[in-house]
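# Per-entry structural report
Residue strings, one per chain:
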Amino acid sequence: MELMTAPSIAEQPTPKAKSSSGCLRPHIEVENLNLHIQNNHILKNINLAIPDKSITCIIGPSGCGKTTLLRTFNRLHDGSVDVKITGKLFVDCEDIYDKDAEVTHIRKKMGLLAQRPCSLPMSIIDNVVYGPRIHGVRGRRKLYAIARHQLNAVGLWEEVKDRLKSPASKLSIGQQQRLCLARGLAVEPEIILGDEATSALDPISSKTIEELFLSIKDKYTIVLVTHTLRQAKRIADYVAFMYMGELIEFGTADQVFNHPKHKLTKEYISGGFS
Amino acid sequence: MKKLEEKIFKFLMIGSTVLILSVLLYILYVIMKKGLPSLSWDMISKIPSGGFYLGKEGGILNAIMGSLYLIFFSVIISLMVSVPVVMYLNFTLRRKSRLAAFARLTFDVLFGIPSIVYGAFGFTLMIYFGVQASLLGGIIAISLLIIPVMIRSIDEVAILIPNDLVEATKSLGATNYETIKVITRQLLPGISTAVLLSIGRGIGDAATVLFTAGYTDSIPTSLSQPTASLPLAIFFQLSSPVEEVQNRAYAAALVLTIIILTLSFAARYFSRRLSKNKI
């Protein structure tokens, strides 16, 4: 598959595009972010601006901090006591690490797709409407409509419409990953975070997920951590390359893949190390 | 040589399985043989009357109801303690936390303490608070006995819960409380096994209730009244010189066995139904 051409919305690596809420910052903006786990400096002074309504892929060798960075976006480090985070992280102009920021409200804005799909211990339909339910949506018909809509959006409706009440764990792993995406979409997020969301899937299922990302990127800001360079080449609009906890290079896919500025990036992309 | 080794081990494995099974079957056989003739409707529907312990009219309904009351309330109290403890150990503390390791060691030690010690401990507590032998005392002593059983067996299942499940619910904007509800769903089969084990240990134990619950011929109507229990009913009747009464002890043992078996099958059944949605 050939490289994707650079997106037309901006040629600048960090466009100050207006995001949906009328705030003048990029959708996600990371400012001087540092993260320590015990005494290890995991993320080193990250500055990054992720534009909305596009796919941004974070690439880099194992252990470079990609996943750690992604998890800072929806504060999944909150539960771990030895993680210390400094710096600012703005989502829709709101500093999510501000002490007044409400964590459930921030997480509601983002859907997370984990490496392995993790369906909740309930039926298929209950999985999809779990989010809306905990956020106060009531009424059987309303919930059914949401489930139908979101399952349609991920192309799962036809496959499961006759067994909505059966356990979600009975689905294949590829179907479960789409179910998890539907579940994430059901809380009406603005951002979708994917942590190697296709790495546990077979090639066909992972292609389906990739196509899904492409088809919904005009509505959501999608940030993906990926191990496979080819996947990043296929779907990314913007690429961030990380190495040893530092953000080495960020730019449009065309720029990073075809004209990398940094020597490390060039080496990594040409397969010099992984 | 290898072949011989294999044969010996196969023989040992089959032999020990058969040995255990035959002991179990022999126990059941003895209880049935001696107990069944004395088991009558009167036995399970009446409380002891005047000369019951000399072989006259009456039954052991007081002990049956006493045991059921004791175990029912103890299980409820233990669940209310154990589930939060397990949640704290697994989902609030870090996996490798020292406090969690220490707590688990403590529960293992408590698990191994003989029941008579819990009985004695309950008894000193009761003296301290000025409570007489009563249903309440028995419930507290049995709860102490089964809480470690319950915590450890729920914990075994909770350890296996993937962190992904916690993160999946949290990333949908769930609060801690809502996350715990989802985890509890996943834990339900484990909880039902824990309840089953606790019932098995609690309902058949004589030593804990000996000092704490006392013994009486009537069915208790309040927490402060003493209560009879099946293990003690067996104990007292078996120590009687009258043969008729001794056989009644076996009938009581049969009743106890039937109660445990029924509860086991019920727990299995519900466990299977509850695990339908387990991931």
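Computed from a prediction, not measured in an experiment: that's the story for all the values here.

Let's shift gears to the overall build of chain B. Each helix and strand in chain B was counted, giving 11 helices and zero strands. When the helices and strands of chain B are read in sequence order from the N terminus, they spell out α-α-α-α-α-α-α-α-α-α-α. By its C-alpha atoms, chain B is 70 × 65 × 35 Å across when sized along the principal axes. Considering only intrachain contacts with a sequence separation of at least 6, the fraction spanning at least 24 residues in chain B is 74%.

Below, the discussion takes up the sheet that holds strand β7 (residues 191-195) of chain A. Residue and element names in this part refer to chain A. Reading across the sheet, the six strands line up as β6-β7-β8-β3-β9-β10 and stay open at both edges, with mixed pairing between neighbours. Edge positions in the sheet fall to β6 (110-113) and β10 (246-252), since each has one partner strand and no second. Geometrically, the sheet is characterised by an average inter-axis angle of 15 degrees between neighbouring strands, direction not taken into account. Pairing of strand β9 (residues 238-243) with β10, which is carried by six bridges, proceeds in the antiparallel orientation. In the strand pairing of β10, Tyr243 is matched with Glu246. Contacts between helix α1 (residues 66-73) and the sheet are confined to β3 (55-59), β6, β7, β8 (221-225) and β9, with β8 contributing the most and set at about 150 degrees to the helix.

All names here are of chain B. Remark: helix α4 (residues 98-112) packs on helix α6 (residues 135-158), axes separated minimally by 8 Å, with the N-to-C direction vectors making an angle of 135 degrees. Overall, the two elements α4 and α6 adopt an arrangement that is oblique. The way α4 lies across α6 gives a crossing that is left-handed. Facing Phe107, Asp108, Leu110 and Phe111 of α4, the residues of α6 in contact are Pro148, Val149, Ile151 and Arg152. Each residue belonging to the contact of α4 with α6 can be placed in one class, and the counts come to six nonpolar, no polar and two charged.

All names here are of chain A. Of note, Asn32 is a non-glycine position whose phi angle comes to about 45 degrees, a positive value. A positive phi angle, close to 45 degrees, is found at Asn45, a residue other than glycine. Within the secondary structure, Asn45 is located in strand β2 (residues 40-50).

Moving on: the environment of A:Met242. Residue and element names in this part refer to chain A. Among the structural elements, Met242 can be located in strand β9. The spatial distance from the C-alpha of Met242 to the C-alpha of Ser62 is 9.9 Å, given a sequence separation of 180 residues. Leaving out residues up to four positions away in the same chain, Met242 has contacts with Ile58, Gly60, Cys64, Gly65, Lys66, Leu247 and Ile248.

Take the environment of B:Tyr26 next. Residues and elements named next belong to chain B. Here Tyr26 shows up in helix α1 (residues 2-35). Tyr26 gets classed as exposed once you count the C-beta atoms within 10 Å, which come to 10. Residues Tyr26 and Gln225, 199 residues apart in the sequence, show an inter-C-alpha distance of 38 Å.

A separate point is the pairing of β10(A). Across the seven residues that make up β10(A), a large majority, five, are buried. Counted along the chain from β9(A) to the antiparallel partner β10(A), the turn is two residues long, and its residue A:Met244 has a positive phi close to 50 degrees.

With that out of the way, let us pick up the packing of helix α7 (residues 163-171) of chain B against helix α8 (residues 176-203) of chain B. Residue and element names in this part refer to chain B. Remark: α7 packs on α8, axes separated minimally by 9 Å, with the N-to-C direction vectors making an angle of 140 degrees. Between α7 and α8, the interaxial angle falls into the category oblique. As for how α7 packs across α8, the hand of that crossing is right-handed. Here α7 contributes Leu165, Val166, Thr169 and Lys170 to the contact with α8, which in turn contributes Glu178, Thr179, Val182, Ile183 and Gln186. Looking at the contact of α7 with α8 residue by residue, the class counts come to four nonpolar, three polar and two charged.

Three or four residues apart is the spacing at which side chains of an α-helix point the same way, because the helix has 3.6 residues per turn. In a regular helix each residue adds 1.5 Å, so 14 residues correspond to 20 Å; helix α7 (residues 203-216) of chain A covers 20 Å between its end C-alpha atoms and thus fits that length. Looking at the packing, one finds that the buried side of α7(A) touches β3, α6 (173-185), β8 and α8 (229-235) of chain A.

Residues and elements named next belong to chain B. The share of residues in chain B with pLDDT of 70 or more is 99%, and the mean pLDDT across the chain is 89. Per-element confidence in chain B ranges from a low mean pLDDT of 84 for helix α2 (residues 41-45) to a high of 93 for α6. Among the scores for the predicted complex, ipTM is 0.79 and pTM is 0.78.

Another aspect to go through is helix α11 (residues 243-274) of chain B. Residue and element names in this part refer to chain B. Helix length check: α11 (32 residues) gives 46 Å between terminal C-alpha atoms against 46 Å at 1.5 Å per residue, within 8%. Those residues of α11 that fall on the buried side of the exposure criterion are Asn247, Arg248, Ala249, Tyr250, Ala251, Ala252, Ala253, Leu254, Val255, Leu256 and Ala267. The elements touched by buried residues of α11 are α1, α2, α3 (61-92), α8 and α10 (230-238).

Conventions adopted
Residues numbered from 1 in each chain as written. Chains lettered and ligands numbered in written order. Predicted model: local features only at pLDDT ≥ 70, side-chain atom pairs only at ≥ 80, totals over all residues. Helix = DSSP H or I, 4+ residues; strand = E, 2+ residues; numbered from the N terminus. Contact = placed C-beta atoms within 7 Å. Pairing = 2+ DSSP bridges. Axes fitted to C-alpha atoms, helices over the stretch in contact; angles between N-to-C directions. Parallel < 35°, antiparallel > 145°, perpendicular 65-115°, else oblique. Left-handed = near helix turned anticlockwise from the far one by under 90°. Nonpolar A, V, L, I, M, F, W, Y, C, P; charged D, E, K, R; others polar. Buried ≥ 20, exposed ≤ 12 C-beta atoms within 10 Å, placed from the backbone. Expected span 1.5 Å × (residues − 1). pLDDT = per-residue confidence, 0-100.

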